[in-house]
Amino acid sequence: MDKLEKRIGHLVLSNLPNNLLILNQDDEIVFINQHMASTFDYTTNELMGQKLQMLIPTFRRNTNPEKPPVNSQNLKPYKIDGGFETIGLRKNAERFPVVLEMTSFDADVGNLTSVVIMDATMHREVQEELTTKNELLSLAEQLTQVGHWQWDLTTNEVTWSENLYTLFHQSRDGQLMYDTYFSYVHAEDKEYVAGQVEKIIRDKKFYDFFHRIKTGNGLVKIIHLSGKVFTDEKGEVIKMIGACQDVTRQKDHEQKLETFNQTLELKNEELKNFAHLVSHDLKEPLRTISAFSQILFTEHFDSLDKEGGELFGLILSATSRMKQQIDDLLNYSLAGTKRTQKLTDCNVVLDDVRKDLALAIDEVAAEIVIEELPVIQCYESELRLVFQNLISNALKFRRHKTKPIIKIYASLIDDSWKFSVQDNGIGIPLKDSTKIFQLFRRLHPYHEYKGTGIGLAYCQKIIELHQGKIWVKSEQNKGSTFYFTIPL
Ligand code: ADP
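What you are looking at is a predicted structure, and each value in this text was computed from that prediction instead of being measured.

Chemist: How do you make sense of the pattern of salt bridges when you look at a structure like this?
Modeler: Under the definition given, this model contains 18 salt bridges. Measuring nitrogen to oxygen at the nearest pair gives 3.2 Å for the salt bridge that ties Glu 380 to Lys 342. With Glu 380 in helix α12 (residues 380-396) and Lys 342 in strand β11 (residues 342-345), this pair connects stretches of sequence that are 38 residues apart. A salt bridge links Lys 435 to Asp 432; the nearest nitrogen and oxygen atoms lie 3.6 Å apart.

Printed below as a string of structure tokens:
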């Protein structure tokens, strides 16, 4: 029976699916199972009687002061190590990570040590992968100004990610509790945050919300808190995970942008009112001057000499010019206000413009070529005035003794329509190609070419209102092409 038991014991140990060997006091292998031998690519026979150093080259007895001596006189088996990682050496000299566990016990043949060796390659790989993932997470948290926490409601245990400590300026030592987070919540937001947490637990659903904190170094930050709630099979909340993003800078920018927009809106409104007022107030006395000089001119025409007649002519032309300037300025200041964009067929718009300019076109026998144009979303009447201004200019700045030919076409480039208005007129010097878009900027004296210098500034304002751009390419004495874009 005793023999049978021993044989069974030997059989079980030999075929154990774990790595097991037994050492005598001299660290010689007195038993080794099949599994252990093949882990190191040996046969059991090759290892019997060998020193453990053959498999674990760094193995030394009692090198770790925390480990009790193996050959102590304890009678009961006792663990001499809870597992430490070292390097194993296979028969082909390949090294691999192993974890050792040793238990000592006294037998009739003296003190023996059982050694269980686990191949830690997988463990090491998983560990390394975990470390890399943790490093990545930590980096991502740093870059996005995010930190996260976990709160186990069953044990009340709280953990914080590295970056949460940094965001909150909380020291790493000291026990973390639910209250630790709460202690940083800004005094004025505490009630709100407590209410939100209650709501989350009650509804078992994480609502994301913003609150302020006062960090360990006294800074006030705005936090965007979002997360997830975990429940058990009974539906009780057992765990919560929260991500805190520091959005102080974004909020600050948003705030500044809002204030800026409000100021801009106010200034625009003021400017609009100012321009409107000025235009109307200027028009009134101008109308009086114009009317009285007209009466004076008609009623006293006979008593005027040649110079007097010429002077009157100048007064009348100056007043009508000023009236035109005021009207253009009014148009300019009101451009795009109180209007909404609508789907517009540019072919119809150009048809209308052509009809409106029919007299001027016929007068100079101009040829207008309009290619197929798109249907776009725009401020229709403003766009009509853009085409009207550009075509009027093309007619006005024509070349002497040259039949004006004006071409209008459009093409889709990326996500914008690009319109072109091309003429064969006098052209524009390169140095002036951006200046002409400024208000009142003209390149010719009034007696040569009539105009107010507002037309192109108006066009630019309208195109910018559509988030587009306007520019000109020109060659003197050859012609100019005005381009503008309207994004889709
Ligand atoms: P206006 O036509 O009333 O003078 P604009 O603002 O429309 O004012 O144009 C500004 C200036 O740009 C014009 O005075 C002219 O010198 C120049 N310009 C505009 N369009 C053309 C063109 N098609 N060809 C040559 N010069 C032009």
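Chemist: Looking at this structure, I do not really get the packing of aromatic side chains. What am I missing?
Modeler: For any pair of aromatic rings, the description consists of the separation of the ring centres together with the inter-plane angle of the planes. Counted by the stated rule, this structure contains 19 aromatic pairs. With a centroid separation of 5.7 Å and 90 degrees between ring planes, the pair formed by Tyr 192 and Phe 209 is classed as edge-to-face. In this pair, Tyr 192 is assigned in helix α7 (residues 190-203) and Phe 209 in strand β8 (residues 209-214), connecting sequence segments 17 residues apart. Residue classification places Phe 209 among the buried residues on the basis of a relative accessible area of 4%. Among the aromatic side chains, those forming a connected cluster through ring pairs are Trp 149, Trp 160, Tyr 165, Phe 168, Tyr 181, Tyr 184 and Phe 206.

Chemist: Sorry, what's going on with the site of the ligand here?
Modeler: The environment of the ligand is made up of 20 residues, and the closest members are Asn 393, Asp 423, Arg 442, Thr 452 and Leu 456. Within the contact set of the ligand, an oxygen atom lies 3.0 Å away from a side-chain nitrogen or oxygen of Lys 396. Leu 443 is positioned such that a nitrogen or oxygen atom in its backbone is 3.3 Å from an oxygen atom of the ligand. When the ligand sits alone it has 530 Å² of accessible area, and the protein chains cover 98% of it.

Chemist: Looking at this structure, how should I read the pairing of strand β10 (residues 237-246)?
Modeler: Consecutive residues of a regular strand have side chains that alternate between opposite faces of the sheet. Note that strand β6 (residues 146-152) and β10 share seven bridges and pair antiparallel. Following the sheet pairing, Asp 152 is matched in β10 by Lys 239. Turn length for the strand β9 (residues 220-231)-β10 hairpin, with the two strands adjacent in sequence and antiparallel, is five residues, and the turn residue Gly 235 shows positive phi of about 90 degrees.

Chemist: Looking at this structure, I do not really get the sheet that holds β8. What am I missing?
Modeler: Note: strands within a sheet are paired through backbone hydrogen bonds, in either parallel or antiparallel orientation. As summarised here, the arrangement of the five strands in space is β7-β6-β10-β9-β8, forming an open sheet in which the pairing is antiparallel. Every interior strand has two partners, whereas the edge strands, β7 (157-160) and β8, have only one. Ignoring which end each strand starts from, the neighbouring axes of this sheet average 25 degrees apart. As paired strands, β8 and β9 are joined by six bridges and run antiparallel to one another. Across the sheet, residue His 211 finds its bridge partner in β9, namely Ile 223.

Chemist: It is not clear to me how the pairing of strand β17 (residues 479-487) should be interpreted in this structure. Could you clarify?
Modeler: With eight of nine residues buried, β17 lies mostly within the body of the structure. Sheet analysis places strand β15 (residues 416-422) next to β17, joined by seven bridges and oriented antiparallel. What sits directly across from Lys 418, in β17, is Thr 485. Across six bridges, strand β16 (residues 470-475) lies against β17 in antiparallel orientation. Pairing of Glu 475 across the sheet is with Gly 479, part of β17. The turn joining β16 and β17, which pair antiparallel and follow one another in sequence, is formed by three residues; a positive phi near 65 degrees is taken by Asn 477.

Chemist: When you look at the sheet that holds β15 in this model, what are you seeing that I'm missing?
Modeler: Strand order in the open sheet formed by five strands is β12-β14-β15-β17-β16, and the pairing between neighbours is mixed. With partners counted over all chains shown, the strands left at the sheet margins are β12 (367-370) and β16, one partner each. Within the sheet, the average angular offset between the axes of one strand and its neighbour, ignoring direction, is 15 degrees. Each of β12, β14 (405-413), β15 and β17 is contacted by α12, which is oriented at about 170 degrees to β17, the strand it contacts most.

Parameters at a glance
- Residues numbered from 1 in each chain as written.
- Predicted model: local features only at pLDDT ≥ 70, side-chain atom pairs only at ≥ 80, totals over all residues.
- Heavy atoms only, no water.
- Salt bridge = Lys/Arg side-chain N within 4 Å of Asp/Glu carboxyl O.
- Helix = DSSP H or I, 4+ residues; strand = E, 2+ residues; numbered from the N terminus.
- Phe/Tyr/Trp six-rings, centres within 6.5 Å; stacked < 30°, edge-to-face > 60°.
- Buried < 20%, exposed > 50% of the residue type's maximum accessible area, 1.4 Å probe, protein only.
- Near = heavy atom within 4 Å.
- Polar contact = N/O pair within 3.5 Å; in protein donor to acceptor, adjacent residues only side chain to side chain.
- Areas by Shrake-Rupley, 256 points an atom, 1.4 Å probe, with all protein chains shown as cover.
- Pairing = 2+ DSSP bridges.
- Axes fitted to C-alpha atoms, helices over the stretch in contact; angles between N-to-C directions.
- Contact = heavy atoms within 4.5 Å.

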